[in-house]
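What follows is the residue order along each chain.
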Amino acid sequence: MKTIGMDVGSTTVKAVVADANGEVLWRDYQRHHTRQAEKVLEFLARMQAECGVTPGRDRVLFTGSGAGLLAPLVGAKAVQEVVAVAAAVEKLHPRVRFVSELGGEDMKTVFFSPAGGRIGQVIPIRAAGTAPAAPADLGSTKQVYMQSACSGGTGTFIEKTARKLEIETERLAQMPYAGHTLHRVSSKCGIFAEADANTLVKSGVPVEEIIASLFEAVVYQNLATLTKGNTPQPEVLLLGGPNLFFRGLQEAWRHHLKALWVERKVELPAGVDPDSLILVPEDALYYACFGCIEVGKAEQADSALYLGSERLHWWVETGQHEQKAREGGRGLAGSEDEFAAFMRRYASPVAAPARPRATAASAGRVFLGCDFGSTTAKAVVLDAARELVFDCYVPSHGNPIEDAKGILRKVREAGYTRIDGLALTGYGKDLLKDILGADSAVVETVAHATAALHFFPDADVICDVGGADVKIMMLRQGTVADFRLNSQCSSGNGAFLQGVAERYDTPLADYAGRAFKAKSIPALAMGCGVFLQSDIVNQQRKGWSADEIMASLAAVLPLNVWVYAGQLQNLAAVGRKFVLQGGTHRNLAVVKAQVDFIRDKVPGAEIIVHPYPGEAGAIGAAMCAADAWREGRPSRFRGFATIESLEYRSTTNEDTTCTWCAVNCHRTFIDVALEGAAGRPWSKIALAPGWKRVISGNTCPKGLLEDANEMRVVKTQLEEVKRVHPNLAQRVRDDAFRTLHAAAPAVTAEPARLLPAAFGYFGRLVRRAFR
């Protein structure tokens, strides 16, 4: 009799076939790309053909996120994941006292303790060369902690960030942890960690340091959150794909576990290398499968018999589609006529330029606007009449200076060699302003509002959905009266859509095409991006395809934008003319969902997509540059040749850490060679004349200062500002609570005489304050 152990996970399917003696006859591990049932069916067919698995004779046991749905279809017994892993560990590693298994979208820690003992109790560790005790000698109790609702600390979290940094999988696997400067990356939430990684990228931090910081965050998340204060005792076993494949993650585990043992005074046997107590087996991927096989040994002879794949085949071909038809909602377009009408209205820009674009030779005076966003860099050139004559739009490669060089190179190659004004906006504006010689760094809301009002001066609402934030601006008489900004959660922004598309191997340009193919879609929960990700995994288990999930994600985006992020329950109260912009609105599936949602809340609403949705911020910046020129300010732009030849270096270490408060921000010093720069010879990291320093990574203005001398100058300037513009309320408080002497009314006075005197006294204080 053979036994099949199959782990149907959130991102992969693993399977092992063993004979009656426990010898492995067959095993494989593959990604299922949301098609769990199809991949399981493929594996079963291969097992029957390649190693003689026979229905009615052999056993099959399933575990993993897809086990509950698929196991009954083939007669399999469903085994809880932790039970399966624990069974394999007790069989193969009886001395192990702590297990961490990292999966694609979940993580588990298991503490083993001697029978009758307690979690974290120290037990003798065998010296090298001695035989392990038998499982029966050590019987154990188990304490399990599991996290499956948040992507923080999982393999998908690492891979998503690596894709954003354009790091190939092979390179990621070999990137080290040791020897790199570490930065603060949120370990509690995968979404916040992505935001932290974006900030580091825009600060010029090398990708090697960002990846090392991600490994740090994953280990910290496991040790700080999932251990619940217990001490992982040796031996320690690291399981799962991330622990096996990522060299740097193993290094981070070893570093922190050894430090923890020293800190908590865990006694290790003399002569035993601590590294030898942290095990990463070569078959770490298959331990849940091995555990299923162990559990199967205790089953009755007629239990968990493989029934064949006929019912599973029916489910793939028919059953899941019938269930989806009962549970799902209609697709993004209810009919062919509705879809055709939408495409006629929104498939092409609604406000294209009224005249052909001027060439570089005929444009005359031109103004350049650049938007260095979280995921892309954009540049536009406007002529003196504020008509757009050139634009380019490229992905961010993680280094703001290199992004600036690349996009300005495109402007120069287009023939615009003389620039009369330059303005920047986006996340990289402050860092690059002095380096590029920009005339102004424009706040994003100002830039986007300027661009929208240029084309649609009677707009009531501007909704800008970017890569990592959502901005909603409410207008009154052509000015911003109120706004909403969401930059801390991925819910509703373009980066989340991009992450899901990449997971399904779909270029963003093909997203809408695939989403419009879905005739029915699952219902996804509005709200936190982490829970939304968990909901997507749940819908995958029910058989919903990638096309249908992408359509559903587009459909729920307006809820996240307007209700969750914008907190706008009454959309009709903010106006009736809506302008949609931001790169995410290049996706027509998102536009269709937005149009349907807004018109459902505001019947008769006029909804317009900006003619240049992705470049709107850059257009607004260029207009601000034109305004500065009209005010008579000459441009500070350093010129294309100077920027192309920029020499720079980045430093992040203990000497760059800010110590002005307890936060201790890990700053990055970006030093750029610029003619005439004064340098900083007095700095801990000395800078020679001819070099300019830009500081990033600080969370407050104090972080821009390096030493006490600079702080004294700034403090003197602040005191002078306070003297010229005093805080009148503070003066009143200081005088009101001063100790009263002879001039004050006597406490023993009669109440009727005391009250007028008191009111007169405070009146004099107020009048004195406003003198």
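It should be noted that the structure appears before, not after, this text.
Worth saying up front: this structure is predicted, and the values here are computed from it rather than measured.

Colleague: I tried to follow the pairing of strand E12 (residues 366–372) on my own but got confused; where do I start?
Modeller: Remember that side chains alternate between the two faces of the sheet whenever the strand is regular. The buried count for E12 comes to seven of seven residues, which makes it a mostly enclosed element. Burial along E12 is two-sided: the residues Val366, Leu368, Cys370 and Phe372 and Phe367, Gly369 and Asp371 are all buried. Judged from the seven bridges that link them, E12 and strand E13 (residues 376–383) form a sheet pairing that is antiparallel. Bridge assignment links Gly369 to a residue of E13, and that residue is Val380. Between E12 and E13, which pair antiparallel in sequence order, lie three residues.

Colleague: Would you take a moment to explain the nonpolar core for this structure?
Modeller: A general tendency of soluble globular proteins is for nonpolar side chains to be buried together. If you look at the biggest cluster of nonpolar residues, it comprises 52 residues, and the most contacted ones within it are Ile472, Leu553, Trp562, Leu571, Phe578 and Ile598. Among the elements that take part in this core, helix H20 (residues 546–565) stands out by supplying 11 residues, more than any other. Residues contacting Leu571, with those up to four places away along its chain left out, are Trp562, Phe578, Phe597, Ile598, Lys601 and Val602. Phe98, Leu102, Phe111 and Ile158 belong to the second largest nonpolar core, which has 40 residues in total.

Colleague: I keep staring at the sheet that holds strand E3 (residues 24–31) and nothing clicks. Help me out?
Modeller: Within a sheet, adjacent strands bond to each other through the backbone by hydrogen bonds, running parallel or antiparallel. The strand order E3-E2-E1-E4-E5 describes an open sheet built from five strands, whose pairing is mixed. Both edges of this open sheet fall to E3 and strand E5 (77–78), since each of them pairs with a single strand only. Across five bridges, strand E1 (residues 3–8) lies against strand E4 (residues 59–63) in parallel orientation. Note on E4: the bridge partner recorded for Ile4 is Val60. Packing of helix H1 (residues 36–51) onto the sheet brings it into contact with E1, strand E2 (12–18), E3 and E4, and relative to E3 it is tilted by some 155°. Strands E1, E4 and E5 of the sheet are contacted by helix H2 (residues 67–74), whose axis makes an angle of about 165° with E4.

Scoring rules and cut-offs
- Residues numbered from 1 in each chain as written.
- Predicted model: local features only at pLDDT ≥ 70, side-chain atom pairs only at ≥ 80, totals over all residues.
- Heavy atoms only, no water.
- Buried < 20%, exposed > 50% of the residue type's maximum accessible area, 1.4 Å probe, protein only.
- Helix = DSSP H or I, 4+ residues; strand = E, 2+ residues; numbered from the N terminus.
- Pairing = 2+ DSSP bridges.
- Core = buried A, V, L, I, M, F, W, Y, C linked by side-chain atoms within 4.5 Å.
- Contact = heavy atoms within 4.5 Å.
- Axes fitted to C-alpha atoms, helices over the stretch in contact; angles between N-to-C directions.

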